[in-house]
Amino acid sequence: MRFALKTRKISKLIILVSSLSLVTLVIFWSFVGAVWTRADFQALDLFYKKAVDLGYTPKSSPLIVYLTLTDESYQYFGQHIISRADLAAMNEVLGKCGPEAVAYDMIFVRPSGSSADQRFAESIKTLGRVYLPIAFELSEQPRMFQQGTGTAYERLQKDFLKQPVEEGTPHPQYAVRALKPLDILSEISHNSGHINAPPDPDGVQRHHLMLVRVNSAYLPTLSLSMFLDYIDLSLDDVIVHWGNDIRIPAANSRYLEEDVVIPIDEHGRTFIPFPQVWGKDFLNMSAHHFVEYAKDVNLRGNLTDFFEG
């Protein structure tokens, strides 16, 4: 009997403490406006840094290399904005190096002069598979996409938007309007993807938005778009289980030995598995060094070794 009484008292105490704790957490979350605090994010960063140091994170792929525009590059060209003519000259050399695919992490929204834009467009053709990205104004609530006119909008609707198999309850980010490349460039882009990467509440980018809803279809992030092309699949072949994962079935591709599974939250975001800190994650070459190598016939072979494939 005493044991039963003590058990009841302990149970009441546990229920009381749990209820007070829950109320305290709800009040706290309502006050800060988010479940995660800055301290939580910092703890996550600390654990992930430790995982990087111990070698538990994904390894960098030798198939991915960066051609970067650094502060030194701008000083080298003597410009705050690299001209389309200079970019075209680099493309013409890069095309001879035999890259498998090339993606720009910039959007060429405005014209810079008909001759420079035309030369730049012609240089892009020499690269083979080129990916030119799109960015969106996003909404968490369902919104209709503001469709414009021109080649860029036509290709977005006809060629780039896809419909994966969906499971669960979707809560995607909705595209309201687009920031897209010039029509003269969009018509020769092999494929596209979005480059929206909303930061976490503390301003740090740890998550990537894998899909954006555009009316009734989806545009994947640029990296996912490139990967799907690389394994000869479409987003139509992919299964999206909202709040769980994106699954790329091996049965649909002759290049995969097992399913590729990307964990996502209910909005389609995934934690970015950084292989290393910036600058040590992938092989990279700055634009001014690229130009210097290109000028020297004896060094052009180094460029091919670096960028081929």
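Thresholds, definitions, all that
Residues numbered from 1 in each chain as written. Predicted model: local features only at pLDDT ≥ 70, side-chain atom pairs only at ≥ 80, totals over all residues. Heavy atoms only, no water. Helix = DSSP H or I, 4+ residues; strand = E, 2+ residues; numbered from the N terminus. Buried < 20%, exposed > 50% of the residue type's maximum accessible area, 1.4 Å probe, protein only. Contact = heavy atoms within 4.5 Å. Core = buried A, V, L, I, M, F, W, Y, C linked by side-chain atoms within 4.5 Å. Pairing = 2+ DSSP bridges. Axes fitted to C-alpha atoms, helices over the stretch in contact; angles between N-to-C directions. Salt bridge = Lys/Arg side-chain N within 4 Å of Asp/Glu carboxyl O. Arc of directions from axis to C-beta. Parallel < 35°, antiparallel > 145°, perpendicular 65-115°, else oblique. Left-handed = near helix turned anticlockwise from the far one by under 90°.

Participant: Would you explain the overall build of the protein in this entry?
Facilitator: Along the backbone of the protein there are 10 helices and 14 strands. Of all 309 residues assigned to the protein, the portion counted as buried reaches 37%. Relative to all contacts within the protein whose residues are 6 or more apart in sequence, the contacts with residues 24 or more apart total 74%.

Participant: Hey, could you run me through the nonpolar core in this one?
Facilitator: Considering soluble globular proteins, one finds that nonpolar side chains tend to be buried as a cluster. Judged by nonpolar contacts, the single largest core of 26 residues is most densely connected at Phe120, Leu185, Phe290 and Leu303. Looking at this core, the elements that each hand over two or more residues are helix H4 (84-95), helix H5 (114-125), helix H9 (287-295) and helix H10 (300-307). Ranked by residues supplied to this core, first place goes to H4 with 5 residues. Discounting residues that sit within four places of it in the chain, leucine 303 has contacts with Val93, Cys97, Met285, Phe290, Tyr293, Ala294 and Glu308.

Participant: How should the pairing of strand E6 (residues 173-179) be read in this particular structure?
Facilitator: Taken across its 7 residues, E6 has 5 buried, putting it largely inside the fold. Of the strand pairs in this sheet, E6 and strand E8 (residues 211-214) are connected by 2 bridges, and their pairing is parallel. Across the sheet, tyrosine 174 pairs through a bridge with arginine 213, a residue of E8.

Participant: Got a minute to help me understand the sheet that holds strand E5 (residues 165-167) in this structure?
Facilitator: Pairing between the strands of a sheet is mediated by backbone hydrogen bonds and can be parallel or antiparallel. Read from one edge to the other, the open sheet built from 4 strands follows the order E5-E10-E11-E12, with strand pairing classed as mixed. Each edge of the sheet is formed by a strand with only one pairing partner; in this case those strands are E5 and strand E12 (260-263). Across the sheet, the axes of successive neighbouring strands diverge by a mean angle of 15°, strand direction being ignored. Sheet analysis places E5 next to strand E10 (residues 239-241), joined by 3 bridges and oriented parallel. Within the sheet, the bridge partner assigned to glutamate 167 lies in E10 and is histidine 241.

Participant: Explanation requested: the pattern of salt bridges in the structure shown.
Facilitator: A side chain with one charge may pair with a side chain of the opposite charge, provided their charged atoms come close. A full pass over the atoms with the stated rule returns 15 salt bridges. With a shortest N-O distance of 3.7 Å, glutamate 292 and lysine 295 are connected by a salt bridge. Of this pair, glutamate 292 and lysine 295 both sit in helix H9, 3 residues apart, which is roughly one turn of that helix. Ionic contacts of the salt-bridge type, sharing partners, join the residues Asp45, Asp200, Asp202, Arg206, Asp265 and Arg269 into one network.

Participant: I'm lost on the sheet that holds strand E9 (residues 217-220) in this one. Help?
Facilitator: A sheet is described by the order of its strands in space; here 4 strands give the open sequence E4-E6-E8-E9, paired in mixed fashion. Strands with a single pairing partner mark the edges of an open sheet, and in this sheet they are strand E4 (135-139) and E9. Neighbouring strand axes in the sheet, compared pairwise and without regard to direction, differ in orientation by 50° on average. Pairing of E8 with E9 involves 4 bridges; the strand directions are antiparallel. Each bridged residue has a counterpart across the sheet, and for valine 212 the counterpart in E9 is leucine 219. Helix-sheet contacts for helix H6 (residues 151-160) involve E6, E8 and E9, and the interaxial angle to E9 is about 100°.

Participant: Would you take a moment to explain H6 for this structure?
Facilitator: Since the α-helix packs 3.6 residues into each turn, any two residues three or four apart lie on the same face. Where H6 is concerned, the buried positions are Ala152, Tyr153, Arg155, Leu156 and Phe160. Within H6, the buried residues cover an arc of 165° as seen down the axis, which keeps them to one side. Set apart from the buried face of H6 by more than 90 degrees, the exposed residues are Glu154 and Lys158.

Participant: For this particular structure, what's the right way to read the environment of alanine 89?
Facilitator: Within the element layout of this structure, alanine 89 appears in helix H4. Exposure remark for alanine 89: the relative accessible area of 32% places this residue in the partly exposed category.

Participant: What's the story with the packing of H4 against H5 in this structure? I'm lost.
Facilitator: Think of two packed helices as two axes; the pair is described by the angle between the axes and how far apart they sit. Packing of H4 against H5 leaves a shortest axis separation of 8 Å and a crossing angle of 20°. As judged from the angle between their axes, H4 and H5 are roughly parallel. Like other packed secondary-structure pairs, H4 and H5 cross with a definite hand, here left-handed. Contacts between H4 and H5 involve Arg84, Ala85, Leu87, Ala88, Ala89, Asn91 and Glu92 from the former and Ala116, Asp117, Arg119, Phe120, Ser123 and Ile124 from the latter.

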